[in-house]
Amino acid sequence: MTFKFNALYRLGAWGAAACMVTICALIALQVSFRLVDALLVLIGMRRLGLSITGVSEIASYLLVGATFLGLAYTFVHHAHIRVTLLISRLPSAIRVWFEVFCLLIALAISLLLGYGLVELARESRMFNDVSSGFLSIPLWIPQTVLATGVALLCLALAEALVTTLRIAIREPSRFREATATDDSDIH
């Protein structure tokens, strides 16, 4: 299946990767600071007391960002877990309609989640909500990242739904399920 907005999904994946790299860098830096302090104490010197304030809070937000920004990319690359034990035994002409049904449900749930996240971010911005940790991060920032990730997933689901519907209407017998190694135009 070819996705027209693949560049957007790849951008989301790069955002997810940047979040993960930032988490690794922050944790490595925090551990390095603690090692320097431990070494200084071992040789009889005073600790420097270097640390990154709120590193666990920042890492938590970055982990959520990495998870949600990567949703669309993993979907278009068929990396989400799917249970196809039952529908894989159906003929292609029937299986394609089950796929349409599942995509409709996934899109509906994702749209509801996206709507809720946008409203949550809007309210957080309106009421100036901040996190309760050391840093008092405005909550609309991580919530906007969540909403962006879900919006990308909704776009990917809509693209897959349109393509699957075309196949279901025009040539249902040519439908076959997508796999992680399959990049052809017909699924």
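Rules used throughout
- Numbers given to residues run from 1 along each chain, matching the order in which its sequence is written.
- Note on the predicted model: pLDDT of at least 70 is required for a residue's local features to be given, and 80 or more for side-chain atom pairs to be given and counted; whole-chain, interface and lining totals, by contrast, use all residues.
- Here the side-chain values reflect all heavy atoms present in the structure, with hydrogen atoms and water set aside.
- Helix and strand definitions follow DSSP, with helices as H or I runs of at least four residues and strands as E runs of at least two, each counted in order from the N terminus.
- This radius of gyration counts C-alpha atoms alone. The globule rule is 2.2 Å times how many residues there are, raised to the power 0.38.
- Only protein chains enter the accessibility calculation, which uses a 1.4 Å probe; a residue whose area is less than 20% of its type maximum is buried, one above 50% is exposed, and one in between is partly exposed.
- Residue contacts are defined here by distance: any two heavy atoms, one from each residue, within 4.5 Å place the two residues in contact.
- For accessible areas, the Shrake-Rupley method is used with a probe of radius 1.4 Å. Any residue's cover is judged against the shown protein chains and nothing else.
- Neither His nor the chain ends is counted toward charge; the positive residues are Lys and Arg and the negative residues Asp and Glu.
- Lys charges are placed at NZ, Arg charges at CZ, Asp charges at CG and Glu charges at CD.
- UniProt positions are given in the numbering used here, feature names are shortened, and annotations may be inferred rather than shown by experiment.
- Lines fitted to C-alpha atoms define the axes here, with helix axes fitted over just the stretch in contact, and angles between the N-to-C directions of these axes take values from 0 to 180 degrees.
- Each angle gets one of four labels, with under 35 degrees taken as roughly parallel, over 145 as roughly antiparallel, 65 to 115 as roughly perpendicular, and the rest as oblique.
- Two helices crossing with the near one rotated counterclockwise from the far one by less than a right angle form a left-handed crossing, whereas a clockwise rotation gives a right-handed crossing.
- Any residue outside Ala, Val, Leu, Ile, Met, Phe, Trp, Tyr, Cys, Pro, Asp, Glu, Lys and Arg is labelled polar, Gly included; the first ten of those are nonpolar and the last four are charged.
- The nonpolar core is taken to be a set of buried Ala, Val, Leu, Ile, Met, Phe, Trp, Tyr and Cys residues, with the residues joined through side-chain atoms within 4.5 Å.

**Student:** Please give an account of the overall build of the protein that cites residues and values.
**Tutor:** Counting secondary structure elements, the protein contains five helices and zero strands. Secondary structure elements in the protein, listed N-terminal to C-terminal, are α-α-α-α-α. At 22 Å, the protein has a C-alpha radius of gyration far larger than the 16 Å of a compact globule built from 187 residues. Considered along the principal axes of its C-alpha atoms, the protein spans approximately 75 × 40 × 30 Å. Residue burial in the protein is summarised as follows: out of 187 residues, 34% are buried. Nonlocal contacts in the protein, meaning residues at least 24 apart in sequence, comprise 73% of its contacts between residues at least 6 apart. Entry remark: accessible area of the protein is about 11,700 Å², with carbon and sulfur atoms responsible for 70%. With 14 positive and 12 negative side-chain charges, the protein shows a spacing of 3 Å between the two charge centroids.

**Student:** Break down the UniProt feature "transmembrane region" (unreviewed entry) in the protein for me, with residues and values.
**Tutor:** Mapped onto the present numbering, the UniProt feature "transmembrane region" (unreviewed entry) falls on residues 58-76, 96-117 and 137-162. End-to-end, the C-alpha atoms of residues 96-117 are 31 Å apart, and along that stretch the chain is 100% helix and 0% strand.

**Student:** Before we move on, can you summarise the packing of helix H4 (residues 92-126) against helix H5 (residues 140-170) with the specific residues and values?
**Tutor:** Relative to each other, H4 and H5 sit at 160 degrees, their axes nearing to 8 Å. Considering the angle they form, H4 stands roughly antiparallel to H5. When you trace H4 past H5, the crossing you get is left-handed. Along the lines of polarity and charge, the residues of the contact of H4 with H5 split into 27 nonpolar, six polar and two charged.

**Student:** Talk me through the packing of helix H1 (residues 6-42) against helix H2 (residues 55-69); I want residue IDs and the actual numbers.
**Tutor:** Two numbers describe how H1 lies on H2: the axes approach to 8 Å, and their chain directions differ by 160 degrees. One way to sum up the angle between H1 and H2 is to call them roughly antiparallel. Note that H1 runs across H2; the crossing there is left-handed. Facing H1, whose interface residues are Gly-12, Ala-13, Gly-15, Ala-16, Cys-19, Met-20, Thr-22, Ile-23, Leu-26, Ile-27 and Gln-30, H2 presents Val-55, Ile-58, Ala-59, Leu-62, Leu-63, Gly-65, Ala-66 and Leu-69. Of the residues belonging to the contact of H1 with H2, the class tally is 14 nonpolar, five polar and no charged.

**Student:** Which residues make up the nonpolar core, and what values go with them?
**Tutor:** The biggest cluster of nonpolar side chains holds 25 residues, and the ones touching the most others in it are Phe-3, Tyr-9 and Phe-75. Listed by contribution, the elements that provide at least two residues to this core are helix H3 (71-76), H4 and H5. When residues in this core are grouped by element, the largest group, 12 residues, is from H5. Once you skip the residues sitting within four places of it in the chain, Phe-3 turns out to touch Tyr-9, Phe-75, Val-76, Ala-156, Glu-159 and Ala-160.

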